[in-house]
Amino acid sequence: MVELGSRRITERMRAGNSPPKVARAIFLPDLKSGIMEDGLVQATEQGTPQGSILSPLLSNIYLHYVLDLWFRHRVRKQCLGEAYYFRYADDFLACFQFKGEAERFHHQLEDRLEGFGLKLAPEKTQCIEFGRFARENAYKRGEKPKDFTFLGFTHYCGKTREGYFKVKRRTSRKKLDQSLRRFTEWARKARGVLRKGEMLRLARARVVGHLSYYAITDNSDRCKYFVRYAERILFKWLNRKSQRRSYTWATFVATLKRVRWPRPSIRIDLNPFRRAEAR
């Protein structure tokens, strides 16, 4: 949601009024490492080294001072209703009980970021109604309830079996498509360099990694979809390792059982965190 100006970050760090001196001592000597283009290294006076972990690390430290402390000590204290703030790297989410306070924060945020050489990404920024009454209000207006995407999940308004309000989450369509494309590209390349057993083992590890993050409450359908298509992709490229077909579908399924292919079951239960009084 935030686009960072690396030059502004560097200047603020050198001025000594943002991150601690220890962080400046660690990072600043590496900020002139340069970039490589067409095999030639070019010296730079600003920004972080190409492909360096310093870029997200610097952004995280900088935004702690620009956003985290500002929201905790200024914004929240000015609100009459409840106000919450969540951030991961340069993606953040702010929640307010009252619409007016959300709109005020939006305007203040633009001024706050501009003062530090940053700006909002308009395509990723929105102010929406969300909560226990949002769905009913949207239906009364003849509209669909709004949802939002954060950390790879689409969050939307739902209900429990007892009728309580509940925030539900599913893998965002964009992330799901990206994961399947990456799996396809990996399988296409791996079939020419890996043996079948090794390819199956590494494919299993990739699927387990996906489920370890996305297999949460209310997301079983998207997880089943991913596993099902990953199996089809793997079946296709295993059978292209040679001119002779390696597996029928029946023998492929039996092989998946032998390698303990993961099942798309929920691994992280979020239900215990639901507020009992939410209706």
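Preceding this section is the structure that the text describes.
Residues numbered from 1 in each chain as written. Predicted model: local features only at pLDDT ≥ 70, side-chain atom pairs only at ≥ 80, totals over all residues. Heavy atoms only, no water.

Turning to the environment of Q126, a few remarks are in order. Looking at the element boundaries, Q126 is found in the loop between β6 (119-120) and α5 (134-140). Sequence separation of Q126 and H106 is 20 residues, and the distance between their C-alpha atoms is 9.1 Å. The residues contacting Q126, other than those within four sequence positions of it, are D147 and F148. (Helix = DSSP H or I, 4+ residues; strand = E, 2+ residues; numbered from the N terminus. Contact = heavy atoms within 4.5 Å.)

The subject of this paragraph is helix α7 (residues 196-214). Count 3.6 residues to each turn of an α-helix, and residues three or four apart come out pointing the same way. Under the 1.5 Å per step criterion, the end-to-end length of α7 is 27 Å for 19 residues, consistent within 8% with the ideal 27 Å. Listed as buried for α7 are M199, L200, A203, V207, H210, L211 and Y214. Buried residues of α7, viewed axially, fall in a sector of 105°; they line one side. (Expected span 1.5 Å × (residues − 1). Buried < 20%, exposed > 50% of the residue type's maximum accessible area, 1.4 Å probe, protein only. Arc of directions from axis to C-beta.)

Along the chain, N219 falls in the loop between α7 and α8 (220-238). With residues up to four places along the chain from it excluded, the contact list for N219 reads F153, R169, R170, T171, Y214 and I266.

Pairing is antiparallel in the open sheet, where 3 strands are placed in the order β7-β8-β9. Pairing within the sheet leaves two strands with one partner each, and these edge strands are β7 (148-150) and β9 (165-171). Across this sheet, the average inter-strand angle for adjacent strands is 40°, counted without regard to direction. Here β7 pairs with strand β8 (residues 153-159) via 3 bridges, running antiparallel. Bridging from a neighbouring strand, F150 pairs with F153 of β8. (Pairing = 2+ DSSP bridges. Axes fitted to C-alpha atoms, helices over the stretch in contact; angles between N-to-C directions.)

Inspection of every chain in the model, using the stated rule, returns 17 aromatic pairs. Ring centres 5.1 Å apart and planes at 75° place the aromatic pair F130 and F148 in the edge-to-face group. With a gap of 18 residues between them, F130 in the loop between β6 and α5 and F148 in strand β7 connect regions that are remote in the sequence. In this structure F130 comes out as partly exposed when scored by relative accessible area, which is 27%. (Phe/Tyr/Trp six-rings, centres within 6.5 Å; stacked < 30°, edge-to-face > 60°.)

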